[in-house]
Amino acid sequence: MDATGFAEHRPLLLGLAYRLLGSMWDAEDVVQEAFLRWTRTDAAEVRDRRAYLVTIVSRLALDQLRSARVTREAYIGPWLPEPVPSTAFGPLETAEMTDTLSYATLHLMERLSPPERAVFVLREAFELPYDQIAGILDVPAATCRQHHRRAAARLAQGRDRFHPAPADHNELLGRFLAAARGGDLATLTDLLAEDVVTWNDGGGRTRAALHPVEGRDHVAAFVAGLSSRYGIGATEIVEANGAPAVWTHVDGQEQLALFDIRNGRIHAIYAVLNPDKLGFVRPSA
């Protein structure tokens, strides 16, 4: 096979692998392995290039995900997905694809078993029929339907398809940062949902809270305490996973903060401090 036939599908394949793995580095490894297999394939044996490549990448990513889950269980502190700009996968064509790229959804998908995650992504983002998904996973279509029902039920409570407009998102982030810098507990508390949770991913590479901080009062005190003790450096609003995010420095450490905002309140804060996960979203100098 020639490289041209693969290149046209590469953005789609990379987006598929990333959604399944939550790691751009792992996704790129999977896509590279798929390319090597592609070059060794007889063109006469392939009727539908896209379907063939989606099958290869899905199966490789599933194998990688099963082994990655063992590694992530030994991770120091909470493991969060690697944030990426949505432009990494080319133009997003559907709202469904955008939804499955959202950081909150990726984080929630860590609760799913590998087969549930694969069915959910292939069905929701790529709108594949159950019969085709069954062929990719080598299981009955009825099993795929069950996986999808379970996955959708497990994600339903923490997932919202109706995301705030970028201007509203930015305005809320601006208020949040001003309150954090000023130690304004009243405003911070008002911006947070009652069941808000904040996760901090340092991966043992930098100082970060080792356990999630839960509840409006605890999260407000945690954020205000960080600002009071270490200060919040210069901030920049960047795009990550299809939504505005905050790039900043706290105590000299680079970090990206992503937010799950629903109904005008912050329901989750994801602070990625592990430098190994910041390469794709680090602002250019």
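Residues numbered from 1 in each chain as written. Predicted model: local features only at pLDDT ≥ 70, side-chain atom pairs only at ≥ 80, totals over all residues. Heavy atoms only, no water.

Of the regular secondary structure elements, the chain holds 12 helices and 6 strands. For a compact globule of 285 residues, the expected C-alpha radius of gyration is about 19 Å, and the chain comes in at 20 Å, within 12% of that figure. Over its C-alpha atoms, taken along the principal directions, the chain stretches across nearly 65 × 40 × 35 Å. Within the chain, the proportion of its 285 residues that are buried is 49%. Taking contacts inside the chain between residues at least 6 apart in sequence as the whole, the part at least 24 apart equals 66%. When the accessible area of the chain is evaluated, it comes to approximately 13400 Å², of which 50% is carbon and sulfur surface. (Helix = DSSP H or I, 4+ residues; strand = E, 2+ residues; numbered from the N terminus. Rg over C-alpha atoms; globule rule 2.2 N^0.38 Å. Buried < 20%, exposed > 50% of the residue type's maximum accessible area, 1.4 Å probe, protein only. Contact = heavy atoms within 4.5 Å. Areas by Shrake-Rupley, 256 points an atom, 1.4 Å probe, with all protein chains shown as cover.)

For the pair helix α8 (residues 130–137) and helix α9 (residues 141–156), interaxial distance at closest approach is 8 Å and the crossing angle is 100 degrees. With respect to each other, α8 and α9 are oriented roughly perpendicular. Here Tyr-130, Asp-131, Ile-133, Ala-134 and Leu-137 of α8 come into contact with α9, specifically with Ala-141, Cys-144, Arg-145 and His-148. For the contact of α8 with α9, a count of residues per class yields 6 nonpolar, 1 polar and 2 charged. (Axes fitted to C-alpha atoms, helices over the stretch in contact; angles between N-to-C directions. Parallel < 35°, antiparallel > 145°, perpendicular 65-115°, else oblique. Nonpolar A, V, L, I, M, F, W, Y, C, P; charged D, E, K, R; others polar.)

What follows covers the sheet that holds strand β3 (residues 236–240). Spatial strand order, β2-β1-β6-β5-β4-β3: 6 strands in an open sheet with mixed pairing. Each edge of the sheet is formed by a strand with only one pairing partner; in this case those strands are β2 (213–214) and β3. Here strand β5 (residues 253–262) runs beside strand β6 (residues 265–272); their pairing, made up of 7 bridges, is antiparallel. Bridge pairing in β6 places Phe-259 opposite Ile-269. Contacts from helix α10 (residues 166–182) reach β1 (192–201), β3, β4 (243–250), β5 and β6 within the one sheet, and its direction differs from that of β4 by about 25 degrees. (Pairing = 2+ DSSP bridges.)

Before going further, it helps to spend a moment on the pattern of salt bridges. Applying the stated criterion to the full structure yields 13 salt bridges. Two residues, Arg-117 and Glu-110, come together in a salt bridge whose shortest N-O distance is 2.7 Å. Close ionic contact of Arg-262 with Asp-260 constitutes a salt bridge, the shortest N to O distance being 2.9 Å. What makes Arg-262 buried here is its relative accessible area of 15%. Residue Asp-260 is classed as buried on the basis of its relative accessible area of 10%. Here the salt bridges do not stand alone but share partners, grouping Arg-72, Glu-110 and Arg-117 into one network. (Salt bridge = Lys/Arg side-chain N within 4 Å of Asp/Glu carboxyl O.)

Moving on to the nonpolar core. The nonpolar side chains of a soluble globular protein tend to be buried with one another. Counting 47 residues, the largest nonpolar core has Leu-16, Tyr-18 and Leu-137 as its most contacted members. When contributions to this core are tallied by element, the ones reaching two or more residues are α2 (10–21), α3 (24–39), α4 (49–73), α5 (95–101), α6 (103–109), α7 (114–124), α8 and α9. Per element, the largest residue contribution to this core is 8 residues, and it comes from α4. With near-sequence residues (within four places) excluded, Tyr-18 lies in contact with Ser-23, Met-24, Ala-27, Glu-82, Pro-83, Val-84, Phe-89, Leu-101, Leu-106 and Asn-241. Core analysis: the next-biggest nonpolar cluster, separate from the first, contains 21 residues, Leu-192, Val-213, Val-219 and Val-223 among them. (Core = buried A, V, L, I, M, F, W, Y, C linked by side-chain atoms within 4.5 Å.)

With that settled, the discussion passes to helix α12 (residues 216–230). Residue pairs spaced three or four apart in an α-helix point in one direction, given the helix's 3.6 residues per turn. Its 15 residues give α12 an end-to-end C-alpha distance of 21 Å, which sits within 8% of 21 Å, the value for a rise of 1.5 Å per residue. Inspection of α12 places Val-219, Ala-220, Val-223, Ala-224 and Ser-227 among the buried residues, and these make up the whole buried set. Along the axis of α12, the buried residues cluster in a sector spanning 125 degrees; they form a single face. What points out from α12, more than 90 degrees from its buried face, is the exposed set Asp-217, His-218, Ser-228 and Arg-229. For α12, the elements touching its buried residues are α10, α11 (185–191), β1, β2 and β6. The first or second residue beyond α12 is Gly-231, which carries a positive phi of 80 degrees. (Expected span 1.5 Å × (residues − 1). Arc of directions from axis to C-beta.)

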